[in-house]
Amino acid sequence: MAAFHPRALAFCVAEARPMVLAISAMRYLTGVALALPAATAAASLPQISQGAVAWVLSIFAVYLYNGVTDVMEDRINGSGRPIARGDLDARVAAAVAAGAGCLALVATSGLPAPMFWIVAANLVLGYLYSGPPLPLKSSSGGTVAVLCLSGLLSYLAGFTVATAGGGVAAPTALVLFAGVAICWMVFVGVPAKDLSDIAGDAAAGRRTLGVLLGERMSRQVMVGAAVVLLAGFGVAVSLLRVRLGGVVLVMAAGVVAVAVAGLLAAPRPGGEDRRRSRRPYGAFMGTQHLLHLTAFLSWI
């Protein structure tokens with residue numbers, strides 16, 4: 001076992017991607033906020049905070065372990081994350097990921113009983129996504145399945161804590177927002193992320209969307225999906241009369257940002273530029289944060 005350097009924990013957080021940890025916390029908190037109208041026994045602030053810690057710890061464990069298993073692809077793709085650049089030993093990261101997973105389960109103590117199983121299910125999904133013998137990340141179908149299920153679990157976690165496990169029906173706004181946010185993550189986020197990782201994924205034998213369709217078609221799918229999703233979301237909000245009009249406007253701005261970033265990400269003569277190919281993912285991620293922040297603030 002490699003020695004644990006004092007800076008290793010900071011490197012582990014960087015490897016787990018702070019922006020991903022932040023959006024995971026926001027998904028959980030949005031689940032809390034949109035569940036409140038249906039809550040029969042509102043959870044206290046300490047319980048909500050404890051639930052957030054448990055959920056984010058599980059995401060931290062999952063993404064850190066993913067980094068451990070992605071070393072070859074990350075180096076081929078020129079990733080600057082700590083394991084790929086040699087600042088964080090993969091064995092140390094794996095041990096920290098295992099410890100974080102255990103802490104996530106412990107952190108559910110005192111919360112509604114379903115939270116233990118929600119967090120456990122997320123950890124199992126994370127292992128199935130990255131771990132042997134057949135990691136689901138090797139195919140686009142496996143990736144989509146894990147993203148959908150993990151996304152649903154994040155909102156379910158917030159709903160469960162907010163309602164104190166009361167078994168009430170989820171409000172229409174929560175169901176609609178969760179569905180749209182997951183579709184944004186899958187149909188826009190997946191092709192956006194693939195754009196900068198095609199070479200490494202192909203070398204690792206993965207059959208991701210970027211590898212199967214190629215860079216140009218992936219960009220077209222990303223933009224087309226964003227437009228269709230915006231149109232469907234706008235119609236649903238209007239017909240169901242839920243208080244998510246602000247979220248629709250934010251998504252509209254996000255669709256424009258993703259489309260512009262997609263155009264700017266087109267390869268130019270002289271070779272591939274990883275920073276350029278990451279622009280659509282940055283637009284996707286920024287929009288995702290703003291969607292959740294808008295939904296959270298408009299509801300509370």
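All values derive from a computational prediction rather than experimental measurement.

Caption draft 1: Fine view of the overall build of the protein. Each helix and strand in the protein was counted, giving 15 helices and zero strands. Counting over 300 residues, the protein shows a buried share of 49%. For the protein, contacts bridging at least 24 residues in sequence account for 78% of all contacts bridging at least 6. Summing over all exposed atoms, the protein offers an accessible surface of approximately 13300 Å²; the carbon and sulfur share of this is 70%.

Caption draft 2: Focus on the nonpolar core. Leu64, Leu88, Phe177, Trp184, Phe233 and Leu244 are the most contacted members of the largest nonpolar core, which has 83 residues in total. It is helix α9 (residues 172-194) that provides the largest number of residues to this core, a total of 14 residues.

Caption draft 3: Molecular detail of the side chain of serine 150. In this structure, serine 150 sits in helix α8 (residues 140-162). Given a relative accessible area of 17%, serine 150 falls into the buried group. Polar contacts involving the side chain of serine 150 include one to the side chain of asparagine 122, which spans 2.8 Å. Not counting residues up to four positions away in its chain, the partners in contact with serine 150 are Trp55, Ile59, Asn122 and Leu125.

Caption draft 4: Fine view of the pattern of salt bridges. As enumerated under the stated definition, the model contains three salt bridges in all. Note that arginine 81 and glutamate 15 form a salt bridge whose closest N and O atoms lie 3.6 Å from each other. Taken together, the residues span a long stretch of sequence, with arginine 81 in the loop between α4 (71-76) and α5 (82-85) and glutamate 15 in helix α1 (residues 8-15) at a distance of 66 residues. As far as the burial class goes, arginine 81 and glutamate 15 line up, both buried. We note a salt bridge from arginine 91 to aspartate 89, for which the minimum N-O separation is 3.1 Å. Under the relative-accessibility criterion, aspartate 89 is labelled partly exposed at 29%.

Rules of the game
- Per chain, residue numbering runs from 1 following the sequence as it is written.
- Only residues with pLDDT of at least 70 are given local features in this predicted model, and only at 80 or more are side-chain atom pairs given and counted; all residues enter the totals for whole chains, interfaces and linings.
- Working from all heavy atoms in the structure, the side-chain values ignore hydrogens and water.
- Here a strand is any run of E in DSSP of at least two residues, a helix any run of H or I of at least four, and the numbering for each starts at the N terminus.
- Using a 1.4 Å probe on the protein chains alone, a residue whose accessible area is under 20% of its type maximum counts as buried, one over 50% counts as exposed, and one in between counts as partly exposed.
- Contact definition: two residues touch when any of their heavy atoms are within 4.5 Å.
- Areas reported as accessible are Shrake-Rupley estimates using a 1.4 Å probe. Residue values count occlusion only from the protein chains shown.
- We define a nonpolar core as any set of buried Ala, Val, Leu, Ile, Met, Phe, Trp, Tyr and Cys residues linked to one another through side-chain atoms lying within 4.5 Å.
- Under the rule applied, a polar contact is a pair of N or O atoms within 3.5 Å (in protein, one hydrogen donor and one hydrogen acceptor; residues adjacent in sequence only if both atoms are side-chain atoms).
- Here, a salt bridge means any side-chain nitrogen of Lys or Arg that lies within 4 Å of a carboxyl oxygen of Asp or Glu.

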